[in-house]
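# Residue-level structure breakdown
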Amino acid sequence: MKRNIPHNSISYLSLLLKLLKSRYLWFLLTATLLTLLLLHTLNPYLVSDSVSQLSHVTRHVFDVKSRGVLEHKLAAKIEWELFRYQTLYRDSRCVSDSETDSKSAWLTYVQGDDVSIVQAVVLSHMLQKLSCISERLAAVSDKTNSKITELLHKAGYKVLVLPDLSCDGLSSNHVILNAWNLTQYNKIVYLDTATFPTLSLDEVFDTVQLGKISAPYQSPSNVADVSFSGSMFGLVPDVRTFSEILAQFQDRSKYKCHDVAGFLWYFFTQDDRWLKLPYSYNIRNDRYFPMKSFNSMEVSRLGPVWEWQGKPTRQQAEKIDKPLASLEDLYEFWWVMLYEGLERGELWHWWHYESTVYWKFLHSDPVRDFRAVDIY
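Model, not experiment: these values are computed from the prediction.

Analysis parameters
- Residues numbered from 1 in each chain as written.
- Predicted model: local features only at pLDDT ≥ 70, side-chain atom pairs only at ≥ 80, totals over all residues.
- Heavy atoms only, no water.
- Helix = DSSP H or I, 4+ residues; strand = E, 2+ residues; numbered from the N terminus.
- Expected span 1.5 Å × (residues − 1).
- Buried < 20%, exposed > 50% of the residue type's maximum accessible area, 1.4 Å probe, protein only.
- Arc of directions from axis to C-beta.
- Axes fitted to C-alpha atoms, helices over the stretch in contact; angles between N-to-C directions.
- Parallel < 35°, antiparallel > 145°, perpendicular 65-115°, else oblique.
- Left-handed = near helix turned anticlockwise from the far one by under 90°.
- Contact = heavy atoms within 4.5 Å.
- Nonpolar A, V, L, I, M, F, W, Y, C, P; charged D, E, K, R; others polar.
- Disulfide = S-S within 2.5 Å.
- 1 Å grid on protein atoms, 1.4 Å probe; cavity = no way out; pocket = protein on both sides within 12 Å on 5 of 7 lines; lining within 4 Å.
- Points joined across faces, edges and corners; volume = space filled by probe spheres on them.
- Salt bridge = Lys/Arg side-chain N within 4 Å of Asp/Glu carboxyl O.
- Pairing = 2+ DSSP bridges.
- Core = buried A, V, L, I, M, F, W, Y, C linked by side-chain atoms within 4.5 Å.

Side chains three or four residues apart in an α-helix point the same way, a direct result of the helix having 3.6 residues per turn. Over its 14 residues, helix 9 (residues 239-252) runs 20 Å from end to end, which matches the ideal 20 Å to within 8%, given 1.5 Å per residue. Among all positions in helix 9, only Thr241, Phe242, Ile245, Gln248 and Phe249 are buried. The buried side chains of helix 9 occupy one side of the element, clustering within an arc of 140° when seen end-on.

Structural data, given as structure tokens:
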């Protein structure tokens, strides 16, 4: 049976035969071969290098991600080595800062729930490891019970009961506006309990000025957001500034109850009184380079750090010693520091038998029974 050959195939075959019979094609192939032989004679590496380099460039020119990973690993290693230096030689670093230490203070506000207490334990422990400023103040409202006050004392805080300035009748962090009235201190840096310092933040005290606020940007530089974060800011306590803040806050509250960050933004940007700090001081949601501190309250792709399914047990945490190259590494290190903070403050009994965070930890992962997590 005779096979029907498609017309297009016949056209292609005839064209190929014409090309093979063409002397111009054979001339071109001969010239190319002679050129390659000449180049090889002059430099035997020229041809092979050109081919291999072309192959390499083709494969890697668009591979930006792997190059970024290498840079981040190096940055994480540098940050980790600096962290180890700052913690190992803290006492010798802080000898010359004793006078400043007595007139400056860290301030945080603890709402009273178990999550905020756990975060406050981690924050205090990190400040003890890294900072030359030993005074750590925990502001609470007058509704806070004595049990929470006792826990904060054990965690290393001096507890201050401050007036509740809430404008909506609910417990809120408006209490921290009283920071400008703590005139027994020359300088104060407020840190939200969710702040997780990974390096010393003492230099923020050097940025504060009377009547102004030092605060980091709310977002990285590639985001069109020019507001500042209310989770961290430095200030100089001053009766006049406090009076102005209180008067404007009360007046604005007649129309709208602003959150603290929003109110401070309006107040200090009116006359350009914001001293800008980099986003690196208040990183949110994901790992960012360079990093000075991370806000663990912001919900990232891994969820809240205290509910993270990958959390280590205390036995596992004792073996963890590596750079914080990823968000997972950062979460893991937060738990390492929590265990150390509970140990330092002798808070294990509270953690095991009273903290709701601990029991959520157990029930969030049925595979981990009490014996797997217990530290006794």
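Moving on, we come to the packing of helix 9 against helix 10 (residues 260-269). Taken N-terminus to C-terminus, the directions of helix 9 and helix 10 make an angle of 120°; their axes are 11 Å apart at the nearest point. Put simply, helix 9 runs oblique to helix 10. Of the two elements, helix 9 crosses helix 10, and the hand of that crossing is right-handed. Mapping the contact onto sequence places Glu244, Ile245, Gln248, Phe249 and Arg252 in helix 9 and Phe263, Tyr266, Phe267 and Phe268 in helix 10. Among the residues forming the contact of helix 9 with helix 10, the class breakdown is six nonpolar, one polar and two charged.

All right, on to the state of the cysteines then. Counting across every chain of the model gives one disulfide. Between the sulfur of Cys94 and that of Cys132 lies a disulfide, 2.0 Å long from S to S. Negative torsions about the S-S bond denote left-handed disulfides, and the value of about -80° found for Cys94 with Cys132 makes this one left-handed. Within this pair, whereas Cys94 is found in helix 5 (residues 90-94), its partner Cys132 is found in the loop between helix 7 (114-130) and strand 2 (136-140), the two being separated by 38 residues in sequence. Assessed through its relative accessible area of 12%, Cys94 is described here as buried.

Here we come to the environment of Ser326. Inspection of the secondary structure puts Ser326 in the loop between helix 11 (314-317) and helix 12 (327-344). On the basis of relative accessible area, Ser326 is assigned to the partly exposed category, the value being 23%. In this structure, the C-alpha to C-alpha distance between Ser326 and Val69, residues 257 residues apart in sequence, is 9.8 Å.

Here the focus is empty space enclosed by the protein. For the structure on display, the rule yields two cavities of 30 Å³ or more. A volume near 80 Å³ is recorded for the largest cavity. Considering only residue class, the lining of the largest cavity consists of six nonpolar, one polar and two charged. Counted as a void, the second largest cavity has a volume near 30 Å³. Along the walls of the second largest cavity sit Trp106, Leu107, Thr108, Leu123, Leu127, Arg136, Leu137, Tyr157 and Leu191, which together make up its complete lining. Those elements giving two or more residues to the lining of the second largest cavity turn out to be strand 1 (104-109), helix 7 and strand 2. At three residues, the largest contribution of residues to the lining of the second largest cavity is made by strand 1.

So, on to unusual backbone geometry. The omega angle of the peptide bond from Phe289 to Pro290 is -10°, so this bond is cis rather than trans. Look at Asn285: it is not a glycine, yet its phi comes out positive at around 75°. One can find Asn285 in the loop between strand 8 (274-277) and strand 9 (293-295). Here the phi dihedral of Glu346 falls at roughly 55°; this positive angle occurs in a residue that is not glycine. With relative accessibility at 66%, the residue Glu346 sits in the exposed group.

Summed over all chains, the structure comprises 15 salt bridges. Arg301 serves as the salt-bridge partner of Glu328, at 3.0 Å between the closest nitrogen and oxygen. Of the two residues, Glu328 is situated in helix 12 and Arg301 in the loop between strand 9 and helix 11; the sequence distance between them amounts to 27 residues. Judged by relative accessible area, Arg301 falls into the exposed class, the value being 54%. Notably, a salt bridge pairs Asp329 with Lys322, separated by 3.4 Å at the nearest N-O pair. You can call Asp329 buried: its relative accessible area is 14%. Assessed through its relative accessible area of 36%, Lys322 is described here as partly exposed.

Each regular strand displays side chains that alternate between the two surfaces of the sheet. What you see with strand 6 (residues 213-216) is no split at all: Ile213 and Ala215 on one side and Ser214 and Pro216 on the other are buried throughout. As defined by bridge partners, strand 6 adjoins strand 8 across four bridges and the pair is classed as parallel. Paired with Ile213 across the bridge in strand 8 is Trp274.

Examined against the element boundaries, Asp329 turns out to sit in helix 12. Once you skip the residues sitting within four places of it in the chain, Asp329 turns out to touch Lys322, Pro323 and Leu324.

The subject of this paragraph is the nonpolar core. Leu152, Phe333, Trp334, Leu338 and Trp351 are the most contacted members of the largest nonpolar core, which has 59 residues in total. For this core, the elements supplying multiple residues, two or more each, are helix 4 (64-88), helix 7, strand 2, helix 8 (146-154), strand 4 (187-191), helix 12, helix 13 (348-353) and helix 14 (356-363). Here the element with the most residues in this core is helix 12; it accounts for eleven residues. Contact partners of Trp334, with chain neighbours within four places excluded, come to Val118, Val122, Phe196, Ser296, Val305 and Trp306. Core analysis: the second largest hydrophobic core is formed by 31 residues, Leu137, Phe249, Val260 and Phe267 among them.

No statement about biological role is implied by the geometric values presented.
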